[in-house]
Amino acid sequence: MRRYLKNENGNAAFTACFLLSMMVVLMCVLIFSTTQITMMNVRNQIKNELASVGIRISRDTYTAMSEGSLDEYYDVLTHDPAYLAELKQSVVDGIKTTIDIDNDKYKISDVDLKIRQNGDSIDYTLTCNIECYLSLLGDSRTISQNDVKLTGSHNIKNY
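Residues numbered from 1 in each chain as written. Predicted model: local features only at pLDDT ≥ 70, side-chain atom pairs only at ≥ 80, totals over all residues. Heavy atoms only, no water.

Chemist: What should I look at first to understand the pattern of salt bridges in this one?
Modeler: Between side chains of opposite charge, a pair can form as their charged atoms come close. Within this structure, the stated rule accounts for five salt bridges. Of the charged contacts, one joins Arg 56 and Glu 86 as a salt bridge, the two residues approaching to 2.6 Å between their closest N and O atoms. Of this pair, Arg 56 sits in helix α2 (residues 13-67) while Glu 86 sits in helix α4 (residues 81-98); the two residues are 30 residues apart in sequence, bridging distant segments of the chain. A relative accessible area of 41% means that Glu 86 is categorised as partly exposed. The residue Asp 139 makes a salt bridge to Arg 141 at a minimum N-O spacing of 3.9 Å. (Salt bridge = Lys/Arg side-chain N within 4 Å of Asp/Glu carboxyl O. Helix = DSSP H or I, 4+ residues; strand = E, 2+ residues; numbered from the N terminus. Buried < 20%, exposed > 50% of the residue type's maximum accessible area, 1.4 Å probe, protein only.)

Now the structure itself:
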């Protein structure tokens, strides 16, 4: 093998194949790492928006408790489609202000927000789908697809 690497016979085929294969492996590692970095960035932005929803639910819960209408707020929170749609739209708008929802590198789709009462807490779950793309010779291919599920909880026992 040393003889081929030193190129004593004038045969450079093995050396060229070896270098080419190392470059392909390096390219695959770089594509994988940039995809994972993109996924982490998008996930962190979505997590920030879930925190914003948690703050809004906390504020609305405190207001409902101070007015003495906590049970009514639970009904609105869990059963009113207009209120849930407003919360979901605030999440989507918050994501749009910080990052693009759809570009040539990734696409965020199927954003959904579920809220349920769990004893003395309000649990909320944000789910979405993230697809990462790679453009080669004008064709865009999906190289990674992740279903993101983030959960949060708001304890009302402290109020």
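Back to the text.
Chemist: What should I look at first to understand the layout of surface pockets in this one?
Modeler: Sizing a probe to match a water molecule and rolling it over the atoms shows the empty space that remains. The volume enclosed by the largest pocket comes to roughly 160 Å³. As for the largest pocket, its lining consists of Ile 31, Thr 34, Thr 35, Thr 38, Lys 105, Cys 132, Tyr 133, Leu 134 and Ile 143. Contributing elements (two or more residues each) for the lining of the largest pocket: α2 and β2 (121-136). Tallying contributions element by element places α2 first for the lining of the largest pocket, with four residues. Here the lining of the largest pocket is built from residues that sort into five nonpolar, three polar and one charged. (1 Å grid on protein atoms, 1.4 Å probe; cavity = no way out; pocket = protein on both sides within 12 Å on 5 of 7 lines; lining within 4 Å. Points joined across faces, edges and corners; volume = space filled by probe spheres on them. Nonpolar A, V, L, I, M, F, W, Y, C, P; charged D, E, K, R; others polar.)

Chemist: Could you clarify how one ought to interpret the sheet that holds β2 in this entry?
Modeler: Consider a sheet: its strands pair through backbone hydrogen bonds, and that pairing is either parallel or antiparallel. Pairing is antiparallel across the open sheet formed by three strands, whose spatial order is β1-β2-β3. Two strands bound the open sheet, and with one partner strand each, they are β1 (106-118) and β3 (139-155). Pairs of neighbouring strands in the sheet enclose a mean axial angle of 10°, with direction left out of account. Sheet analysis places β1 next to β2, joined by eleven bridges and oriented antiparallel. If you follow Gln 117 over to β2, its bridge partner there is Ile 122. Across the sheet, α2 is in contact with β1, β2 and β3; its angle to β3 comes to roughly 30°. Helix α3 (residues 70-79) rests against β1 and β2 of the sheet, and its axis sits at about 150° to β1. (Pairing = 2+ DSSP bridges. Axes fitted to C-alpha atoms, helices over the stretch in contact; angles between N-to-C directions. Contact = heavy atoms within 4.5 Å.)

Chemist: Can you walk me through the side chain of Asp 123 in this structure?
Modeler: Tracing the chain through its elements places Asp 123 in strand β2. Of note is the side chain of Asp 123, whose polar atom sits 3.0 Å from the side chain of Ser 153. The contacts of Asp 123, once residues within four sequence positions are left out, are Lys 114, Ile 115, Arg 116, Asn 118, Gly 152 and Ser 153. (Polar contact = N/O pair within 3.5 Å; in protein donor to acceptor, adjacent residues only side chain to side chain.)

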